[in-house]
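So the chains spell out like this:
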Amino acid sequence: MSSSAFQKGDVFWAPDPFRQGSNPRLWLVLAADSLPYPGQEYICAALTTSDLPANYEVGSGWITGQNPQKTSYCSPWVVATIKDRAVVNPQGEITTTFTDRMISECTVYLDP
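Per-chain numbering applies: the sequence of each chain, read as written, is numbered from 1 onward. Since the coordinates come from a predicted model, pLDDT governs what is reported: local features require at least 70, and pairs of side-chain atoms require 80 or more to be given and counted, while whole-chain, interface and lining totals use all residues. Processing note: side-chain calculations cover all non-hydrogen atoms of the structure and skip hydrogens and water entirely.

## A look at helix α1 (residues 96-110)
Here is step 1: We count a stretch as a helix when DSSP gives it H or I for four or more residues in a row; a strand needs E for two or more, and each element gets its number in order from the N terminus. An expected span of 1.5 Å times one less than the residue number is assigned to each helix. Here α1 is 15 residues long and its end C-alpha atoms lie 21 Å apart, about the 21 Å a rise of 1.5 Å per residue gives.
Here is step 2: The rule is simple: take the accessible area with a 1.4 Å probe, protein chains only, and divide by the maximum for that residue type; under 20% is buried, over 50% is exposed, in between is partly exposed. Buried within α1 we find Phe-98, Thr-99, Met-102 and Cys-106. One side of α1 carries all its buried residues, which in axial view fall inside an arc of 95 degrees.
Here is step 3: Whether two residues are in contact is decided by their heavy atoms: any pair within 4.5 Å suffices. As for α1, its buried residues are in contact with β2 (25-31), β4 (56-57), β6 (73-83) and β7 (89-94). The directions from the helix axis to the C-beta atoms are what the arc is built from.

## Side note on the environment of Ile-103
Here is step 1: As for its placement among the helices and strands, Ile-103 is situated in helix α1.
Here is step 2: Since its relative accessible area comes to 26%, Ile-103 is described here as partly exposed.
Here is step 3: Sequence-distant contacts of Ile-103, that is, excluding residues within four places in its chain, are made with Lys-8 and Leu-30.

## Brief notes about the pairing of strand β1 (residues 10-14)
Here is step 1: In terms of burial, β1 is a largely internal element, four of the five residues being buried.
Here is step 2: In this structure, β1 lies alongside β7, joined through four bridges in antiparallel fashion. Paired with Asp-10 across the strands is Glu-93, a residue of β7.
Here is step 3: Whether two strands pair depends on DSSP finding at least two bridges between them. Relative to β2, β1 runs antiparallel, the two sharing four bridges. Note on β2: the bridge partner recorded for Phe-12 is Trp-27.

## Details of the environment of Ala-80
Here is step 1: Topologically, Ala-80 is positioned in strand β6.
Here is step 2: For the pair Ala-80 and Pro-90, spaced ten residues apart in sequence, the C-alpha to C-alpha distance is 17 Å.
Here is step 3: Excluding its chain neighbours within four sequence positions, the residues that come into contact with Ala-80 are Pro-17, Phe-18, Trp-27, Tyr-42, Ile-43 and Cys-44.

Here is the structure:
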């Protein structure tokens, strides 16, 4: 049984730790229960509306929470540990297939 409020594939709003004073951004949970403090922090990849060459369009990967007026992309090199207390609001869920692909893409940057 999970002890985390959020699971792999969940999407939530939280502050961007790389931009002081910025509005919250969307984050895709890559890992939750496998961390040393399950339920207290999550390893996440940033979601964006920027169509950059190295970003991956979520598209049909959305299960729930997609904004039909905006196209979402995942930046697998923009990774952060987000504390549970920093989560502003849940947004939805992305498929396991897409999430697992982002985990694989993330590891490319860690071990080229």
